Amino acid sequence: MPDPIVDRNRHMNEVTDALAPIQDGFRAENCFLFGPSGVGKTTVAKAAVRELRREVLDVPYAYVNCWKYYTRNAVLDQISHELVGAAMPRSASTSRLIDRIKADLHGPGVVILDEVDQLRETKVLYDLHDIPGLSWIGIANREVDLLADLDDRITSRISVAYRVRFDTYGEDAITEILSRRAREGLGPNAVDEDVLRRIARLSEGDARQAIAGLRVAARMASREGLAAIPGRLVEDAVADAEREVRQKTISKLNTHQRALYEVLAEEDGLIQKELYARYQEAHDDPVTLRYLRENHLPKLEHYNLIDIEQDRGSKRYHLVGPEGSQTNPSPC
DNA sequence: CGTCCACGGGAATTGATGGACT
DNA sequence: AGTCCATCAATTCCCGTGGACG
């Protein structure tokens, strides 16, 4: 993790400003970071908190990924664990968790809510607001998603003083990011500036993807016994990196999601009803359509494994990704 | 219109688990 | 130790809404 974050000074300053009141012992301003993936939102949020903790020792903080912990209870549970570390019996009631956090928190504290737009129960934002001293940094892809979901009662009580927009990284910035990584991880001359630039260009502003590409390229080169990364590996490396990420995602799917995925692998472009019918045959313990719609389908979409095309009254589901993807028959 | 499709709110059910009560 | 109660997450059931289409 590089210390000065490439090209994010302005963003860093805004978040730092939002947190500034903590240095005087007050509650910080809530702030909200949004922008596409791989542009450094999470990195900036964490760095800002780290910097704050350097100034004001022991400011309690917690990091919660709302994609993973999406219920009110799960979020609060996670916070109570991280904020003070004290273990609480699992499955404590929400109100007890809140009391617990209130009791443990003396003075200001910060919570980073990553992927806030994935929260199912936005009420939790209100809960947090109700805890003296606590403030949050919300992270999401698009601003509208969060605001649309909050109901009025909540919106009117919670103020978000800072909204920080992250734009896509340009090629230069990505190249610079890669260059630092390469220098620190691979030595001073392992990679040509030119090669880095090509990796950057292929990863469309997504730093995470670019870094993965660099890693794969380095691995390929060292496997060939080379000290530097030759340009000819770039295309393959980036494609491989994408495939790797994808494969990893697929391996994490549960049986329902996998069944859906496999149905689509056989027959692409089904509408919801058809997809559900096929899924029911493919899975020996199928869940309801309602539930699929609420959970598994959005999940697959979020993982960027499927693509949904609006086709008049219905929706067509497609697999996303490199054509000619080999179906990997290895059972896990 | 009537129908098909999809969406999503909300109530109800089930099962696990921890705590209180006896 | 045994019983009962509360809470939570996961899941299902029921259903009104709304767009598109013939």
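Residues numbered from 1 in each chain as written. Chains lettered and ligands numbered in written order. Predicted model: local features only at pLDDT ≥ 70, side-chain atom pairs only at ≥ 80, totals over all residues. Heavy atoms only, no water.

1. Some details on the overall build of chain A
Moving on, step 1. Helix and strand counts for chain A come out as 14 helices and 8 strands.
Moving on, step 2. Within chain A, the fraction of its 332 residues that count as buried is 43%.
Moving on, step 3. For chain A, the proportion of contacts with a sequence separation of at least 24, taken over those separated by at least 6, is 69%.
Moving on, step 4. Accessible area for chain A stands at about 18000 Å²; split by element, carbon and sulfur atoms hold 46% of it. (Helix = DSSP H or I, 4+ residues; strand = E, 2+ residues; numbered from the N terminus. Buried < 20%, exposed > 50% of the residue type's maximum accessible area, 1.4 Å probe, protein only. Contact = heavy atoms within 4.5 Å. Areas by Shrake-Rupley, 256 points an atom, 1.4 Å probe, with all protein chains shown as cover.)

2. Observations regarding a positive patch on the surface
Moving on, step 1. On the surface, Lys 68, Arg 181, Arg 215, Lys 248 and Lys 252 cluster together to form a positively charged patch.
Moving on, step 2. Mapping Arg 215 onto the fold places it in helix 10 (residues 207-223).
Moving on, step 3. Taking the relative accessible area as the measure of exposure, Arg 215 reaches 52% and is therefore exposed. (Patch = residues over 30% accessible without salt bridge, like charges linked within 9 Å, V, L, I, M, F, W, Y side chains within 5 Å. Salt bridge = Lys/Arg side-chain N within 4 Å of Asp/Glu carboxyl O. Lys, Arg positive; Asp, Glu negative; His and termini not counted. Charge placed at Lys NZ, Arg CZ, Asp CG, Glu CD.)

3. Let's talk about the packing of helix 12 (residues 255-266) against helix 13 (residues 272-282)
Moving on, step 1. Relative to each other, helix 12 and helix 13 sit at 115°, their axes nearing to 9 Å. Taken as a pair, helix 12 and helix 13 cross one another with a handedness that is right-handed. When helix 12 is examined against helix 13, the residues His 256, Ala 259, Leu 260, Val 263 and Leu 264 are found in contact with a partner set consisting of Leu 275, Arg 278, Tyr 279 and Ala 282.
Moving on, step 2. A per-class count over the contact of helix 12 with helix 13 returns 7 nonpolar, 1 polar and 1 charged. (Axes fitted to C-alpha atoms, helices over the stretch in contact; angles between N-to-C directions. Left-handed = near helix turned anticlockwise from the far one by under 90°. Nonpolar A, V, L, I, M, F, W, Y, C, P; charged D, E, K, R; others polar.)

4. Points about the domain arrangement of chain A
Moving on, step 1. Splitting chain A by domain gives domain 1 (9-165), domain 2 (171-248) and domain 3 (253-319).
Moving on, step 2. With 5 residues of domain 1 in contact, the opposing surface of domain 3 contributes 5 residues.
Moving on, step 3. Carbon and sulfur atoms make up 46% of the area that domain 1 and domain 3 hide from each other, which totals about 450 Å².
Moving on, step 4. When the area that domain 1 buries against domain 3 is broken down by residue, the three leading residues are Trp 67, Tyr 70 and Arg 120, summing to 83%.
Moving on, step 5. Run the count over domain 1 and domain 3 and you get 0 salt bridges.
Moving on, step 6. Viewed at the interface, domain 3 and domain 1 are joined by 1 residue pair in polar contact (both at pLDDT 80 or more).
Moving on, step 7. When its residues are assigned to classes, the side of domain 1 that touches domain 3 shows 2 nonpolar, 1 polar and 2 charged. (Domains from an automatic or database assignment. Buried area = accessible area lost by both parts, 1.4 Å probe. Polar contact = N/O pair within 3.5 Å; in protein donor to acceptor, adjacent residues only side chain to side chain.)

5. Quick look at the protein's contact with DNA strand B
Moving on, step 1. The environment of DNA strand B is made up of 10 residues, and the closest members are Gln 272, Lys 273, Arg 290, Arg 293 and Lys 315.
Moving on, step 2. In the interface set of DNA strand B, defined as its atoms within 4 Å of the protein, sugar plus phosphate atoms amount to 53%.
Moving on, step 3. Interatomic distance of 2.7 Å between a side-chain N/O atom of Arg 290 and a base oxygen of DNA strand B.
Moving on, step 4. In this structure, a phosphate oxygen belonging to DNA strand B sits 2.6 Å away from a side-chain N or O atom of Lys 315.
Moving on, step 5. Broken down by secondary-structure element, the contributors of at least two residues to the surface near DNA strand B are helix 13, helix 14 (289-302) and strand 8 (314-319).
Moving on, step 6. Of the residues that constitute the surface near DNA strand B, the class distribution is 2 nonpolar, 3 polar and 5 charged. (Near = heavy atom within 4 Å.)

6. Things to note about the protein's contact with DNA strand C
Moving on, step 1. Surveying the vicinity of DNA strand C reveals 13 residues, the closest of which are Asn 73, Thr 94, Thr 288, Tyr 291 and Arg 312.
Moving on, step 2. Tyr 70 is positioned such that a nitrogen or oxygen atom in its side chain is 3.4 Å from a phosphate oxygen of DNA strand C.
Moving on, step 3. Thr 71 places a polar side-chain atom, nitrogen or oxygen, 2.8 Å from a phosphate oxygen of DNA strand C.
Moving on, step 4. When grouped by side-chain class, the residues that make up the surface near DNA strand C number 5 nonpolar, 6 polar and 2 charged.

7. A closer look at the confidence of the model for chain A
Moving on, step 1. For chain A, the mean per-residue pLDDT works out to 85, and 89% of the residues sit at or above 70.
Moving on, step 2. Helix 13 holds the highest mean pLDDT among the elements of chain A, 95, whereas helix 7 (residues 152-157) holds the lowest, 58.
Moving on, step 3. The low-confidence segment residues 323-332, where pLDDT is below 50, has 3 contacts with residues more than four positions distant or belonging to other chains. (pLDDT = per-residue confidence, 0-100.)

8. A short note on the pattern of salt bridges
Moving on, step 1. For the structure shown, the criterion picks out 15 salt bridges.
Moving on, step 2. As a salt-bridge pair, Arg 197 and Glu 171 come within 3.6 Å of each other at their nearest N and O atoms. Residue Arg 197 is located in helix 9 (residues 193-202), and its partner Glu 171 is located in helix 8 (residues 171-186); the two are separated by 26 residues in the primary sequence.
Moving on, step 3. The class of Arg 197 is partly exposed, set by a relative accessible area of 23%.
Moving on, step 4. Because the salt bridges share partners, they merge into one network encompassing Glu 171, Asp 172, Arg 197 and Arg 201.

9. Structural notes on helix 3 (residues 72-84)
Moving on, step 1. Across its 13 residues, helix 3 extends 19 Å between first and last C-alpha, which sits within 8% of the 18 Å expected from 1.5 Å per residue.
Moving on, step 2. Those residues of helix 3 that fall on the buried side of the exposure criterion are Val 75, Leu 76, Asp 77, Gln 78, Ile 79, Ser 80 and Leu 83.
Moving on, step 3. The secondary structure elements touched by the buried residues of helix 3 are strand 2 (61-65), helix 4 (94-104), strand 3 (109-114), helix 5 (123-129) and strand 4 (134-140). (Expected span 1.5 Å × (residues − 1).)

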